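Observations on the three-dimensional arrangement
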Amino acid sequence: VPGYRDDARKLKPLHGLEGNALDEARWKRIERLRAEMFKDDADSYCVATRLRRALNSGDYETASALQLLLRDGMEKLSELYAEYEKNII
């Protein structure tokens, strides 16, 4: 999980003032997925926290499912960021 979190933190907005609505929409989608994977809020825990809690409680079946969800989320983040990055000039 720490490696995934570090990878997600490395993703930065690139579009600045020269960006357009498409760049902004793509970045917001990336941000939403990053938050779902790694940022708790007042009402719910992120996937990484739920995974850690499952492991700590010995619920390995849930932990396994969450690990797969986290892996898939990271793959999706990578795809989304590559698509976003290609539109930056």
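Everything discussed here concerns the structure shown above.
Residues numbered from 1 in each chain as written. Predicted model: local features only at pLDDT ≥ 70, side-chain atom pairs only at ≥ 80, totals over all residues. Heavy atoms only, no water.

Assigned secondary structure in the chain consists of four helices and zero strands. Over its C-alpha atoms, taken along the principal directions, the chain stretches across nearly 50 × 25 × 15 Å. When the 89 residues of the chain are sorted by exposure, 28% land in the buried category. For the chain, contacts bridging at least 24 residues in sequence account for 62% of all contacts bridging at least 6. Summed over all atoms, the accessible surface of the chain reaches about 6,100 Å², with 51% contributed by carbon and sulfur. (Helix = DSSP H or I, 4+ residues; strand = E, 2+ residues; numbered from the N terminus. Buried < 20%, exposed > 50% of the residue type's maximum accessible area, 1.4 Å probe, protein only. Contact = heavy atoms within 4.5 Å. Areas by Shrake-Rupley, 256 points an atom, 1.4 Å probe, with all protein chains shown as cover.)

One pass over the structure, following the stated rule, counts five salt bridges. One salt bridge in this structure joins aspartate 6 and arginine 9, with 3.8 Å as the shortest N-O distance. Taken as a pair, aspartate 6 and arginine 9 lie in helix α1 (residues 2-10) at a separation of three residues, close to a single helical turn. Aspartate 6 sits in the partly exposed class, given a relative accessible area of 39%. With a closest N to O distance of 3.6 Å, glutamate 83 and arginine 26 form a salt bridge. In this pair, glutamate 83 is assigned in helix α4 (residues 60-86) and arginine 26 in helix α2 (residues 21-38), connecting sequence segments 57 residues apart. Residue glutamate 83 is classed as partly exposed on the basis of its relative accessible area of 38%. With relative accessibility at 22%, the residue arginine 26 sits in the partly exposed group. (Salt bridge = Lys/Arg side-chain N within 4 Å of Asp/Glu carboxyl O.)

Fair warning: the whole summary comes from geometry, so function is off the table for now.
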